[in-house]
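Structure assessment
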Amino acid sequence: MADDQRDYNLNEAQKGIKAKYPPIQRKYEYLDHTADVQLHAWGDTLEEAFEQCVMAMFGYMTDTETVEPLDTVEVEAKGHDMLSLLFHLLDEWLYKFSANEFFIPREVKVLSIDRTHFRLRSIGWGEEFRLIKHPQGTEVKAITYSAMQIHEKEKIEVFVIIDI
C-alpha cells in the first residue's frame, strides 16, 4: 500500500473540519510489510523527517486533517544514539495517545535535537481522539527497531516498522 493517504470514508462533519484548515503537507508514505506496516518519512532536515514520521504514525490511526489544533502537548525523548532517539520519540507520542490522554496531533514540530546527548523536544497541536469525531484507522500497538533506518543524504529519510 505505497500510498500516503488512506480512505476513511469521512462523514459530513469530518469533511467540514478538513475544510476549515489548510491541507497538511505530507512527506510520508506507507510501505507494505509482512503483518505490520513500514513508515517511510522524509524532510529537508532531520527535524522535519522525524516530525513527518510521527505524523505518519498518527495518519495510520485516523485522518489527521479531521483533528483540530485545540490543545498543545509537549513530548521529550532521549536515547543513546539517533535510532533509539527516533524510537523513543515515536514511543512517547504513542504513549500520549494510548495511555490516558488519547491525544492526537494535527501537527507535530520538533523544537530541538541534541545530537551529542541524544535528546529531543517536540510539541504537538491537536485534541483528544473521539470516535464520534475522528475516523478510526488501524491501532498502532508498538514501535519496533526492526529495519529502522535514518539516511542523511540530499533528502533526509527515515524508515520505521510499527506493530499494528
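Rules used in this analysis
Residues take numbers from 1 onward in each chain, read along the sequence in its written order. Per-residue local features of the predicted model are confined to residues with pLDDT of at least 70, and side-chain atom pairs are confined, for both listing and counting, to 80 or more; whole-chain, interface and lining totals are unaffected and use all residues. No hydrogens and no water enter the side-chain calculation; it runs on all heavy atoms of the structure. UniProt positions are given in the numbering used here, feature names are shortened, and annotations may be inferred rather than shown by experiment. For helices the rule is a DSSP run of H or I covering at least 4 residues; for strands it is a run of E covering at least 2, with both sets numbered from the N terminus onward. We compute the radius of gyration over the C-alpha atoms and compare it with the globule rule, which gives 2.2 Å times the number of residues raised to the power 0.38. Partly exposed residues are those whose accessible area sits between 20% and 50% of the maximum for their type, while under 20% is buried and over 50% is exposed, using a 1.4 Å probe and protein chains only. When checking whether two residues touch, look at their non-hydrogen atoms; a contact exists if any pair is within 4.5 Å. Shrake-Rupley sampling with a 1.4 Å probe provides the accessible areas, and residues are treated as covered by the protein chains on show and by no other component. His is not counted here, nor are the chain ends, while Lys and Arg score as positive and Asp and Glu score as negative. By convention, charge coordinates are those of NZ in Lys, CZ in Arg, CG in Asp, or CD in Glu. At least two DSSP bridges between two strands are required for those strands to pair. Only the stretch in contact is used when fitting a helix axis, every axis being a line fitted to C-alpha atoms; angles between N-to-C directions are given from 0 to 180 degrees. Buried Ala, Val, Leu, Ile, Met, Phe, Trp, Tyr and Cys residues form a nonpolar core when they are joined through side-chain atoms within 4.5 Å. Buriedness for pockets is judged along seven lines, at least five of which must meet protein on both sides within 12 Å for an open set on the 1 Å grid over protein atoms alone, while cavities are sets there where a 1.4 Å probe fits but cannot get out, and lining residues have an atom within 4 Å of a point. Grid points are joined across faces, edges and corners, and a volume is the space filled by probe spheres set on the points. Gly counts as polar in this scheme, as do all residues outside two lists: the nonpolar Ala, Val, Leu, Ile, Met, Phe, Trp, Tyr, Cys and Pro, and the charged Asp, Glu, Lys and Arg. Under the rule applied, a polar contact is a pair of N or O atoms within 3.5 Å (in protein, one hydrogen donor and one hydrogen acceptor; residues adjacent in sequence only if both atoms are side-chain atoms).

- In the nomenclature of an unreviewed UniProt entry, the protein chain is known as Protein archease of Gekko japonicus.
- Check the Subunit (unreviewed entry) section of the UniProt entry for the protein chain; it says "Component of the tRNA-splicing ligase complex."
- Here the protein chain is described in UniProt, under the heading Sequence similarities (unreviewed entry), as follows: "Belongs to the archease family."

1. Details of the overall build of the protein chain
- Broken down by element type, the protein chain carries 3 helices and 8 strands.
- Starting at the N terminus and walking to the C terminus, you meet the elements of the protein chain as α-β-β-α-β-α-β-β-β-β-β.
- Whereas a compact globule of 164 residues would reach a radius of gyration of roughly 15 Å, the protein chain reaches 15 Å, a difference of no more than 12%.
- Based on the C-alpha atoms only, the size of the protein chain along its principal axes is roughly 45 × 35 × 30 Å.
- Here the protein chain, with 164 residues, has 49% of them falling under the buried criterion.
- Contacts spanning at least 24 positions in sequence make up 69% of the contacts within the protein chain whose residues lie at least 6 apart.
- Accessible surface, the protein chain as shown: approximately 8,200 Å² in total, 48% of it carbon and sulfur.
- Charge-centre separation for the protein chain: the mean point of 18 positive side chains lies 3 Å from the mean point of 30 negative side chains.

2. Section: the sheet that holds strand β3 (residues 71–78)
- Overall, antiparallel pairing links the 3 strands, which are arranged β3-β5-β4 in an open sheet. Edge strands, defined here as strands with exactly one partner in the open sheet, are β3 and β4 (103–114). Along the sheet, successive strands turn relative to each other by an average axial angle of 20°, direction set aside.
- Two elements, β3 and strand β5 (residues 119–128), share 8 bridges in a ladder whose sense is antiparallel. Counterpart to Glu76 in the pairing with β5 is Arg121.
- Of the strands in this sheet, β4 and β5 touch helix α2 (residues 46–61), which is tilted by about 155° from β4.
- Contacts from helix α3 (residues 82–98) reach β3, β4 and β5 within the one sheet, and its direction differs from that of β3 by about 145°.

3. So, the nonpolar core
- Of all hydrophobic cores here, the largest spans 44 residues; its most connected members are Phe50, Met57, Trp93 and Ile143.
- Elements with a minimum of two residues in this core: β1 (28–33), β2 (36–43), α2, β3, α3, β4 and β8 (156–163).
- The element contributing the most residues to this core is α2, with 11 residues.

4. Focus: the pairing of β1
- Relative to β2, β1 runs antiparallel, the two being bridged by 6 bridges. Its bridge partner being in β2, His33 is matched across the sheet by Asp36.
- Connecting β1 to the next strand, β2, in antiparallel fashion are 2 residues, including Ala35 with a positive phi near 65°.

5. Here's the deal with the UniProt feature "domain: Archease" (unreviewed entry) in the protein chain
- UniProt's feature table lists "domain: Archease" (unreviewed entry) at residues 28–164, given in the numbering used throughout.
- Along residues 28–164 the backbone is 24% helical and 42% strand, and the end-to-end C-alpha distance reaches 18 Å.

6. With respect to the layout of surface pockets
- Size it by volume and the largest pocket reaches roughly 280 Å³.
- Lining the largest pocket are 15 residues, with Ile24, Gln25, Gln52, Arg106 and Glu107 sitting closest to its centre.
- Roughly 180 Å³ of volume is contained in the second largest pocket.
- Among the elements that make up the lining of the second largest pocket, the one with the highest residue count is α3 (3 residues).
- When the residues that make up the lining of the second largest pocket are grouped by side-chain class, the tally is 7 nonpolar, 4 polar and 1 charged.

7. Focus: the side chain of Ser122
- Within the fold, Ser122 resides in strand β5.
- Within polar-contact distance, the side chain of Ser122 engages the side chain of Trp93 at 3.1 Å.
- Look past the residues within four positions of Ser122 in its chain and what remains in contact with it is Val73, Glu74, Val75, Leu89, Trp93, Val108, Lys109, Val110 and Leu111.

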